[in-house]
Amino acid sequence: MSYKHLHKMAFLSTLCAWLIACQPANEPISIEQKIASNAQNMQVTYQVVSNTSELDCRTDIAEGQCYQSQLELIFSDSLPSKGWHIYLSHLSPIQTVKSDTFAIEHINGDLHKLSPKANIVAGETYNISLISAFWSVSKTDVLPNYYFAYDDNKTAVIQATQEQFNPGELPIIPHAGSFTSEQQILRNREDNSKRYDAEFLYHRNQKIQQTTALTSQQYAVIPKIREQHIDGTNIDISNGLFIASNISDTYPAAIELIQSAGVSLQENGLPVTAELNDENDKNTYSLSISAQCIEISGNQASDIFYGLVSLAQLANQSQSIPSGTYVDSPRYTFRGVHLDVARNFRGLAFIETLIKEMAWLKLNKLHLHLADDEGWRLEINGLPELTDIGGYRCHDPSERTCLQPQLGNGPDRQSNTNGFYSVSDYKHILQLAAKHHIEVIPSLDMPGHSRAAIKSMEARYFTLLESGKKKLAEEFLLTDFNDETHYASVQHYSDNTLNPCLPATFKFVEKVLVDLVEQHQQAGVPLNRYHIGADETAGAWHESPACKQFIETSTQLNSTEELGGYFIERVAKLVQQQGIIAAGWSDGMREFSPQTNEKMQVNVWDALMLQGHKEAQKFAQQGWHTILSYPDVLYFDFPYAVDPNEPGYYWASRATDSYKVFQFVADDAGQNHRLWQDRQNRPYLAEQLNINETEFEGIQAHLWSEIVRHDDVAFYMYFPRLISFAQQAWHKPEWQTQVADLKDEELKQKINQQWRAFSSALVSKQFSRLSKQDIPFRIAPPGAVVQQGKLHINHLFDGMQLQYKAPSGEWQTYLNPISVNQPISIRAMLPNTQEVSSVMTVNSTNEVKRGNGE
């Protein structure tokens, strides 16, 4: 936290104390003043106690699993027993509250309300014991911005719970307690996870480093070029490149990437030509580099674009490029990046940077998740409430001006987590993506995950009804007020599912879809695919009078369980009638079999540890556009490491780093059980399938944003994993064609050889580019052990600068093992930059006894 910010907090705290002290002796201090003082000065600590203790858990949720935590409150000023509440976000529903002084009520989603049952005494410590569903093993489970609400919905955020964030650093949740014991780090008694401490990392890295490294030249371009024949000479480009105007006018985005690589464009530079040739294989480009010129040819415009991108990478920050010929084509035609902007909003600048980095890595599909329970982020003409209300979360219990707070965003409408894209913003995104040969696939999740739409249309209804416009009010009303169904979604909402039995539901869907199509047309970028969502509809509609009547009169439906498939099929037909491919998540798409011959896109997000590869094969054999979205390896909102300080959810994987993504066997995904353990670090078995006739259209990397409140954190979660992902999406390595025939150790050796070459190129070229572009990325911390009194340090990536520091010393470069007799701090640094990893500590008194860290 900056000095300026600390000075401001100290001033506010002093001001609150001064205002209270200056009250005349005969005038009582108001509750507003007391709350203002408490908001600035009270102490809050949320401490996970145990995930593994025997507890009285509810059996109807989370498979009977729960954890114990403690909320400690110390108020700076006394407060009465009524007239105020504290609202807080808590990811899992609180089942049991043990306190004589406070009650806690679950409102909806993760929002809870703490209310006093007695007068509050200043300076007294109040410990509230909690039992909650599931588990909590990460500091990012603890959400920020607890706040007071009082006196007709006035609010004050409690400073002790405000996130401390400096650009370029991970945020600090100040009230999140420590995670030191196994009871806090393991999710349950069956969990065998090992914390990624310095010793663990050292032994993991050592096994990789023992493999002979291959030359990193083969990864001069990432993703790796399919065929390259280099003649051993380098061509001088110190005078730059000469690119004719017909190329620069047709491929302006590629030219910008070339310039961003430090290459100048000069009339006396080495000439570059580009030619479209029908005789070239589709999706293939060739690149020929000689002292006379550079020639690029391809079958279509995207082929030329990728050839120019490869040229940019070959010339990246260099005065010469290797002479030779290159022929290249992608492994998958669909190379997708998913970005959730619904839970927490990302601004235009972030989207612009992401698009450019995707193009640099030859990724070609941007799946924009634009609407969910927590937000609607796209302006729709004629329905301003969707963004005026659904685009914001703030403290308004009526939800007439905004959605209720969720995910720790607090009561402020101006929070950076709020916002939406105007029609002109979205047009800009579409056109920028198209220039970079990236297709935008919008997603407005339905029928579940639709609370933002439902509440926005409710607000519209009440506003119009109060104006006497009942018919207009009901036109897009998505709520059956007589529905008494009690259900809880996966994210603990009781009112987030569109009702498929209301005619207004499909009128709303059609209105949104038609406007979306028009926005694409006006941008000059046709809508080719639309993602319905279609997942996680949990138990809704059973007591809806509208649905009971609908089923009674239907000749096709017999129960409410069939309504999900009915909704998806009907919406899919609306989409397909517009000439658009309908897409959805695999759990929803399993609910119906379309009666048309139209191919659907399905994102298979079933976990590999639960045989998700079998589901992928089923969809592929139906002829559907099958996109692999396995969360075990392709969800980048998961942590890089088993470390409570690493941000991320972890329901399918406790650790997904760049090395794991690089290992991923996509086509024959059942083989991954030979390389990885499950989410509890236990072996899992995978049924082996005949994959010879199975074709997947592609793979997709995902960033869900529940705990991602800042752009810097979003970049950190993407990079460098997205580079390993791009390598997998574009290039199929030779070892993956042999995987079924290789013994486990042979397989790992081949992977490690390639990894060392790949990681060396990452450090020398890709990381350096990210640093120069001022894009935050994660540098993995080093591993270290003390053996026979000497400190040994290593790293997952070849080429990193390793450093160590004694408690009272300065950072020094590690070259060889050194003698130590006190705790030592270690870190990794990207050479010639100030980019560093997190700091690890090694205790010199503990000699290593464990064998391999796995």
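In case you missed it, the structure is sitting above this.
Residues numbered from 1 in each chain as written. Predicted model: local features only at pLDDT ≥ 70, side-chain atom pairs only at ≥ 80, totals over all residues. Heavy atoms only, no water.

Caption draft 1: Fine view of the overall build of the chain. On a plain count of helices and strands, the chain comes out with 23 helices and 31 strands. In terms of overall size, the chain behaves like a compact globule, its C-alpha atoms giving a radius of gyration of 28 Å where 854 residues would be expected to give roughly 29 Å. Overall, the chain is about 90 × 75 × 55 Å in size when its C-alpha atoms are taken along their principal axes. Sorting the 854 residues of the chain into buried and exposed places 59% on the buried side. Across the chain, the fraction of contacts at a sequence separation of at least 24, relative to all contacts at a separation of at least 6, is 72%. If you sum the accessible surface of the chain, you get close to 34,400 Å²; carbon and sulfur atoms cover 46% of it. (Helix = DSSP H or I, 4+ residues; strand = E, 2+ residues; numbered from the N terminus. Rg over C-alpha atoms; globule rule 2.2 N^0.38 Å. Buried < 20%, exposed > 50% of the residue type's maximum accessible area, 1.4 Å probe, protein only. Contact = heavy atoms within 4.5 Å. Areas by Shrake-Rupley, 256 points an atom, 1.4 Å probe, with all protein chains shown as cover.)

Caption draft 2: Seen up close, unusual backbone geometry. The amide bond that connects Ile 222 to the next residue, Pro 223, takes the cis arrangement and shows omega of 5°. Looking at where Pro 223 falls in the secondary structure, it is placed in the loop between helix H4 (198–209) and strand S10 (227–236). Of note, the amide linkage connecting Phe 719 to Pro 720 takes the cis form, showing an omega dihedral of 15°. Counting through the fold element by element, Pro 720 comes out in the loop between helix H20 (711–718) and helix H21 (721–730). Here Asn 145, not a glycine, exhibits a phi torsion of approximately 65°, which is positive. Within the secondary structure, Asn 145 is located in the loop between strand S7 (125–133) and strand S8 (147–150). Take Asn 145: its relative accessible area is 18%, and that puts it in the buried class. If you check the backbone angles, Trp 541 has positive phi at about 80° while not being a glycine.

Caption draft 3: Representation of the packing of aromatic side chains. Within this structure, the stated rule accounts for 40 aromatic pairs. Both rings, one in Phe 75 and one in Phe 102, keep their centres 6.1 Å apart while their planes meet at 20°; by these two values the pair is stacked. Taken together, the residues span a long stretch of sequence, with Phe 75 in the loop between strand S2 (66–74) and strand S3 (84–89) and Phe 102 in strand S5 (residues 102–108) at a distance of 27 residues. For Phe 75, a relative accessible area of 1% translates into the label buried. Summarising the aromatic geometry, the rings of Phe 462 and Phe 481 are spaced 6.0 Å apart at their centres and angled 45° between planes, so their arrangement reads as tilted. (Phe/Tyr/Trp six-rings, centres within 6.5 Å; stacked < 30°, edge-to-face > 60°.)

Caption draft 4: Layout of the state of the cysteines. Tallied over the entire structure, the rule returns three disulfides. Here Cys 394 engages in a disulfide with Cys 402; their sulfurs sit 1.9 Å apart. Its S-S torsion of approximately -90° makes the covalent link between Cys 394 and Cys 402 left-handed. Each of the two residues, Cys 394 as well as Cys 402, counts as buried. The disulfide pattern of the chain is 1-2, 3-4, 5-6 when the bonded cysteines are numbered in sequence order. (Disulfide = S-S within 2.5 Å.)

Caption draft 5: Expanded view of the pairing of S3. Counted residue by residue, S3 has five buried out of six residues, so it is predominantly covered. The pairing of S3 with strand S6 (residues 111–116) spans four bridges and is classified as antiparallel. Counterpart to Leu 88 in the pairing with S6 is His 112. (Pairing = 2+ DSSP bridges.)

Caption draft 6: Geometry of the sheet that holds strand S30 (residues 824–829). Strands sit in the order S28-S27-S30-S31 across an open sheet of four strands; the sheet is antiparallel. Edge positions in the open sheet fall to strand S28 (812–813) and strand S31 (840–842), since each of these has one partner strand only. Looking at chain direction, S30 and S31 are connected through three bridges and run antiparallel. Along S31, the bridge assignment pairs Ser 825 with Thr 841.

Caption draft 7: Representation of helix H8 (residues 348–360) within the structure. Here H8 contains 13 residues, and its C-alpha end-to-end distance of 19 Å stays within 8% of the 18 Å for a straight helix at 1.5 Å per residue. For H8, the set of buried residues is Phe 350, Ile 351, Leu 354, Ile 355, Glu 357, Met 358, Ala 359 and Trp 360. In the stretch just after H8, Lys 362 is the one whose phi turns positive, near 60°. (Expected span 1.5 Å × (residues − 1).)

Caption draft 8: Representation of the packing of H8 against H20 within the structure. Here H8 crosses H20 at 20°, and the two axes come no closer than 11 Å. Here H8 is positioned roughly parallel relative to H20, judged by the angle of their axes. Read as a crossing pair, H8 and H20 show a hand that is right-handed. Contacts between H8 and H20 pair Phe 350, Thr 353 and Leu 354 from the former with Asp 711, Ala 714, Phe 715 and Tyr 718 from the latter. Considering only residue class, the contact of H8 with H20 consists of five nonpolar, one polar and one charged. (Axes fitted to C-alpha atoms, helices over the stretch in contact; angles between N-to-C directions. Parallel < 35°, antiparallel > 145°, perpendicular 65-115°, else oblique. Left-handed = near helix turned anticlockwise from the far one by under 90°. Nonpolar A, V, L, I, M, F, W, Y, C, P; charged D, E, K, R; others polar.)

Caption draft 9: Highlighting the nonpolar core. Residues Trp 376, Phe 508, Leu 722 and Leu 791 are the most contacted members of the largest nonpolar core, which totals 211 residues. For this core, the leading source of residues is helix H23 (residues 744–772), giving 10 residues. Ignoring any residue separated from it by four or fewer positions in sequence, one finds Phe 508 in contact with Trp 376, Leu 383, Leu 386, Met 446, Ala 453, Met 457, Phe 476 and Leu 478. Core analysis: the next-biggest nonpolar cluster, separate from the first, contains 31 residues, Ile 104, Leu 114, Tyr 126 and Ile 158 among them. (Core = buried A, V, L, I, M, F, W, Y, C linked by side-chain atoms within 4.5 Å.)

Caption draft 10: Focus on the environment of Asn 843. Inspection of the secondary structure puts Asn 843 in the segment after S31. For the pair Asn 843 and Pro 823, spaced 20 residues apart in sequence, the C-alpha to C-alpha distance is 4.5 Å.

Caption draft 11: Looking closely at the sheet that holds S6. With antiparallel pairing, five strands are arranged side by side in an open sheet as S5-S6-S3-S8-S9. Here the strands that pair on one side only, and so sit at the sheet edges, are S5 and strand S9 (154–157). Between one strand and the next, the sheet's axes are offset by a mean angle of 25°, whatever the strand orientation. Direction of pairing for S5 relative to S6: antiparallel, over a ladder of six bridges. Looking across to S6, one finds that Ile 104 is bridged to Leu 114. Here helix H2 (residues 31–41) sits on the sheet in contact with S3, S8 and S9, set at roughly 175° to S8.

Caption draft 12: Highlighting the environment of Ala 261. Tracing the backbone shows Ala 261 in the loop between helix H6 (252–260) and strand S12 (270–276). Among all residues touching Ala 261, those that are not within four sequence positions of it are Ala 312, Ala 315, Asn 316, Gln 317 and Trp 360.

Caption draft 13: Structural context of the pattern of salt bridges. Summed over all chains, the structure comprises 37 salt bridges. For Asp 151, the salt bridge is made with Lys 154, and the minimal N-O distance between the two is 3.4 Å. Given a relative accessible area of 44%, Asp 151 falls into the partly exposed group. The residue Lys 455 makes a salt bridge to Asp 495 at a minimum N-O spacing of 3.5 Å. With Lys 455 in helix H11 (residues 451–466) and Asp 495 in the loop between helix H12 (470–474) and helix H13 (503–523), this pair connects stretches of sequence that are 40 residues apart. Linked by salt bridges that have partners in common, Asp 340, Arg 343, Asp 372, Glu 374 and Glu 706 make up one network. (Salt bridge = Lys/Arg side-chain N within 4 Å of Asp/Glu carboxyl O.)

Caption draft 14: Here's a closer look at the side chain of Thr 505. Tracing the sequence through the fold places Thr 505 in helix H13. In this structure, Thr 505 is in contact with Leu 478, Leu 498, Asn 499 and Phe 567, ignoring residues within four places of it in sequence.

Caption draft 15: Up close: the pairing of strand S15 (residues 320–328). Two elements, S10 and S15, share seven bridges in a ladder whose sense is antiparallel. Residue Ile 235 lies in a different strand from S15, and its bridge partner there is Ile 321. Judged from the five bridges that link them, strand S13 (residues 285–289) and S15 form a sheet pairing that is antiparallel. Its bridge partner being in S15, Ser 288 is matched across the sheet by Thr 325.

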